[in-house]
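Okay, here's what each chain looks like letter by letter:
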There are 2 protein chains.
Amino acid sequence: MPSARPLRRDAQRNRELLIDAARTAFAERGLDVPLEEIARRAGVSIGTLYNRFPHRAALIDAVFADRITATAALAEHVLTMADAWEGFVFFLEHVCEWQAADRGYSDLAARHIPEATATEEARRHGYALMQRIVTRAQESGALRADITLEDLAFVIWGQARTVEATHDVAPRAWRRHLALMLDGLRAPAAHPLPEPPLRPEEAARAMRGRCD
Amino acid sequence: MPSARPLRRDAQRNRELLIDAARTAFAERGLDVPLEEIARRAGVSIGTLYNRFPHRAALIDAVFADRITATAALAEHVLTMADAWEGFVFFLEHVCEWQAADRGYSDLAARHIPEATATEEARRHGYALMQRIVTRAQESGALRADITLEDLAFVIWGQARTVEATHDVAPRAWRRHLALMLDGLRAPAAHPLPEPPLRPEEAARAMRGRCD
DNA sequence: CTAGAACTTGAGGGTGTCCTCAAGTTAATC
DNA sequence: GATTAACTTGAGGACACCCTCAAGTTCTAG
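Keep in mind that this is a model prediction, so the values were computed, not measured. (Residues numbered from 1 in each chain as written. Chains lettered and ligands numbered in written order. Predicted model: local features only at pLDDT ≥ 70, side-chain atom pairs only at ≥ 80, totals over all residues. Heavy atoms only, no water.)

1. Remarks on the overall build of chain A
For chain A, the helix and strand inventory stands at 10 helices and 0 strands. Secondary structure elements in chain A, listed N-terminal to C-terminal, are α-α-α-α-α-α-α-α-α-α. Every one of the 212 residues in chain A was classed for burial, and the buried ones make up 52%. By sequence separation, contacts in chain A at least 24 residues apart represent 70% of the contacts at least 6 residues apart. Summed over all atoms, the accessible surface of chain A reaches about 9,900 Å², with 53% contributed by carbon and sulfur. (Helix = DSSP H or I, 4+ residues; strand = E, 2+ residues; numbered from the N terminus. Buried < 20%, exposed > 50% of the residue type's maximum accessible area, 1.4 Å probe, protein only. Contact = heavy atoms within 4.5 Å. Areas by Shrake-Rupley, 256 points an atom, 1.4 Å probe, with all protein chains shown as cover.)

Here it is in structure tokens:
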């Protein structure tokens, strides 16, 4: 839906400068980077930032909506791969790689931003596809049968922490942690789990808790 | 080492009130809780807090040094258990339980606080014991041979994130994540790991990065 | 009981971030 | 080129947290 009035040329230009600046700032310093730093990097005043994006979530939406859509596209691609387990691993590896390359993306994995509507919409779509990746890998017999989509949230949260901690010191270290985790997710490794899985709305509330 | 002069009675009392207040405040809100909140909970002024504890790390030290010593004691106990793998699991479960019960303890797992000298000293001792727990479990054949003490840091960092996220929503959910992780740590589950382990000083730097 | 050292207090200065708005500037239109 | 709506600007108020210090209070030793 193109907005009622198009932006004036200079405003449009500033909007793009801001999105570029926000992209790199979020990537380097996470979603909590000061908005004034984004304005400075874009070479505009803080007032202009607020003119274009009334709140942080609007900026996050502008930067990340397509990133999350790309994650969904990755998921779609994975569903076409011949080996379901390989697809499952391929998907997790790529998501973690993106986490490692972009601290903002990594933050998004652990937080809902309710006002970032396009991002959240894309996320919802991505979850549906991830559910299919999980189910397919389970049906193939390679992924343990007792885990759920919500359990993947654990994996991704934990992975995000490892990525953050080791990013500057050993940028590829997360691969080792992921490999350990994957060994625990293989069907032959499965021992009975001590707790029932999170219900979907519990997982949602867990993310909403850290919402902003 | 008793200090040169003992504190005046009222000062001693305030010191204890502050430690008690800090203990619960750290537990509920983590190590970054505002110092003014601790003073308020203790019923003393912010000035008094600074008189007793010149910086946050001194307060952390007063609250957590014995907590970390208790962790080391747990480790010692585990080394006397008959089954090395059971001991390894027992240790991790208890550490995670403490993480779940105390957000400050959980923060400490991911951060060095160089000025908190007693805490850091106790930590160092704890690490040495953990190394023995790992080695013993590996020698028993139950724990995969290719992991190191530093890899446990991944496990504990990731676990901390899960504990935080699910604490209010499903306080026992972390047990499920830990169980998945443990299944990846059993020797029969092992597939070759893609990266070399962190060197100890890399792990130390990873923690120093998030230091304060 | 008194003197003085030890202690407490909270107002206030410093910093960093958020967000607003009145005044000035610029692009689009005729 | 003039008009006006759209836009930019940055100073500044609000807030939260840090930490200090001069003035007032309380403990303790003699």
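2. Digging into the interface of chain A and chain B
Facing 42 residues of chain A, the contacting portion of chain B comprises 42 residues. When chain A packs against chain B, close to 3,900 Å² is buried across both sides, 64% of that on carbon and sulfur atoms. A per-residue breakdown of the area chain A buries against chain B is headed by Arg161, Arg176 and Leu180 of chain A, which together make up 23% of the total. With a shortest N-O distance of 2.8 Å, glutamate 195 of chain A and arginine 172 of chain B are connected by a salt bridge. Seen at the junction of chain A and chain B, the total is 16 residue pairs in polar contact (both at pLDDT 80 or more). Considering each element in turn, the side of chain A that touches chain B owes the most residues, 10 residues, to helix H8 (residues 149–166) of chain A. (Buried area = accessible area lost by both parts, 1.4 Å probe. Salt bridge = Lys/Arg side-chain N within 4 Å of Asp/Glu carboxyl O. Polar contact = N/O pair within 3.5 Å; in protein donor to acceptor, adjacent residues only side chain to side chain.)

3. Considering the protein's contact with DNA strand C
The environment of DNA strand C is formed by 21 residues, the closest being Tyr50 and Arg56 of chain A together with Arg8, Asn14 and Asn51 of chain B. Of what DNA strand C places within 4 Å of the protein, 67% of the atoms are sugar or phosphate. With respect to DNA strand C, the side chain of arginine 56 of chain A contributes an N or O atom lying 2.3 Å from a phosphate oxygen. Within the backbone of serine 45 of chain B, one N or O atom sits 3.0 Å away from a phosphate oxygen of DNA strand C. Elements with a minimum of two residues in the surface near DNA strand C: helix H1 (9–29), helix H2 (35–42) and helix H3 (46–52) of chain A together with helix H1 (9–29) and helix H3 (46–52) of chain B. Sort the elements by how many residues they give to the surface near DNA strand C and H3 of chain B lands first, with 5 residues. For the surface near DNA strand C, the residue count by class is 8 nonpolar, 5 polar and 8 charged. (Near = heavy atom within 4 Å. Nonpolar A, V, L, I, M, F, W, Y, C, P; charged D, E, K, R; others polar.)

4. A closer look at helix H6 (residues 103–110) of chain A
Residue and element names in this part refer to chain A. The buried fraction of H6 is high, at 6 of 8 residues. Three or more residues of H6 are buried, namely Gly104, Tyr105, Ser106, Asp107, Leu108 and Ala110. Where H6 starts, the residue carrying a side-chain oxygen 2.8 Å from the main-chain nitrogen of glycine 104 turns out to be aspartate 102.

5. Here's the deal with the packing of helix H5 (residues 84–101) of chain B against helix H9 (residues 174–185) of chain B
Residues and elements named next belong to chain B. Two elements in contact, H5 and H9, have axes whose closest approach is 11 Å; the angle formed by their N-to-C orientations is 150°. On the basis of their axis angle, the class for H5 and H9 is roughly antiparallel. Considering the relative orientation of H5 and H9, their crossing is right-handed. Contacts between H5 and H9 involve Trp85, Phe88, Val89, Leu92, Glu93, Cys96, Glu97 and Ala100 from the former and Trp174, Arg175, Leu178, Leu182 and Leu185 from the latter. Tallied by class, the residues present in the contact of H5 with H9 amount to 10 nonpolar, no polar and 3 charged. (Axes fitted to C-alpha atoms, helices over the stretch in contact; angles between N-to-C directions. Parallel < 35°, antiparallel > 145°, perpendicular 65-115°, else oblique. Left-handed = near helix turned anticlockwise from the far one by under 90°.)

6. Considering the UniProt feature "DNA-binding region" (unreviewed entry) in chain A
Taking the UniProt record as the reference, the feature "DNA-binding region" (unreviewed entry) is found at residues 34–53 of chain A. The span residues 34–53 of chain A is 75% helical and 0% strand by assignment, and the distance between its end C-alpha atoms comes to 14 Å. (UniProt positions renumbered as here; feature names shortened; annotations may be inferred.)

7. Remarks on H8 of chain A
An ideal rise of 1.5 Å per residue puts 26 Å on 18 residues; H8 of chain A measures up with 26 Å between its terminal C-alpha atoms. Among the 18 residues in H8 of chain A, 18 count as buried, and that is most of the element. (Expected span 1.5 Å × (residues − 1).)

8. Digging into the UniProt feature "domain: HTH tetR-type" (unreviewed entry) in chain A
Per the UniProt record, the feature "domain: HTH tetR-type" (unreviewed entry) sits at residues 12–71 of chain A. Overall, residues 12–71 of chain A shows 82% helix and 0% strand. The separation of its end C-alpha atoms is 27 Å.

9. Focus on the relation of the copies chain A and chain B
For the pair chain A and chain B, the best superposition has an RMSD of 0.1 Å and corresponds to a rotation of 180° with a translation of 0.0 Å parallel to the axis. Taken together, the rotation and translation relating the two chain copies correspond to the operation of a two-fold axis. (Least-squares fit on C-alpha atoms with pLDDT ≥ 70 in both.)

10. Considerations on the domain arrangement of chain A
In many analyses, interface size is given as the accessible surface area lost on bringing the parts together. All names here are of chain A. Domain boundaries in chain A define domain 1 (1–54) and domain 2 (64–207). In this structure, domain 1 and domain 2 have C-alpha centres spaced 30 Å apart. With 7 residues of domain 1 at the contact, the number on the domain 2 side is 9 residues. Across the domain 1/domain 2 interface, buried area totals approximately 580 Å², and carbon plus sulfur atoms make up 55% of it. A salt bridge links arginine 111 to aspartate 32; its shortest N-O distance comes to 3.0 Å. For the pair domain 1 and domain 2, the number of links is 4 residue pairs in polar contact (both at pLDDT 80 or more). (Domains from an automatic or database assignment.)

11. Some details on the environment of isoleucine 68 of chain A
Position of isoleucine 68 of chain A relative to the elements: it lies in helix H4 (residues 56–78). Sequence separation between isoleucine 68 of chain A and alanine 118 of chain A is 50 residues; the distance between their C-alpha atoms is 9.3 Å.

12. Re the nonpolar core
Among the nonpolar cores identified, the biggest contains 122 residues, and Phe26, Ile38 and Phe88 of chain A together with Phe26, Ile38 and Phe88 of chain B are the most heavily contacted of them. Top element by residues in this core is helix H4 (residues 56–79) of chain B. It accounts for 11 residues. For phenylalanine 26 of chain A, the contacting residues outside a window of four places in its chain are Leu31, Val33, Ile38, Arg56, Leu59, Ile60, Val63, Phe64, Asp102, Arg103 and Gly104 of chain A. (Core = buried A, V, L, I, M, F, W, Y, C linked by side-chain atoms within 4.5 Å.)

13. Description of the protein's contact with DNA strand D
With respect to spatial proximity, 20 residues lie near DNA strand D, and among them Arg8, Asn14 and Asn51 of chain A together with Tyr50 and Arg56 of chain B are the closest. A breakdown of the atoms of DNA strand D within 4 Å of the protein gives sugar and phosphate a share of 67%. A distance of 2.4 Å separates a base nitrogen of DNA strand D from a polar side-chain atom of arginine 8 of chain A. At a separation of 3.2 Å, a base oxygen of DNA strand D approaches a polar side-chain atom of arginine 8 of chain B. Mapped by element, the contributors of at least two residues to the surface near DNA strand D are H1 and H3 of chain A together with H1 and helix H2 (35–42) of chain B. In terms of residue count, H3 of chain A provides more of the surface near DNA strand D than any other element does, 5 residues in total. Residues belonging to the surface near DNA strand D are distributed by class as follows: 7 nonpolar, 5 polar and 8 charged.

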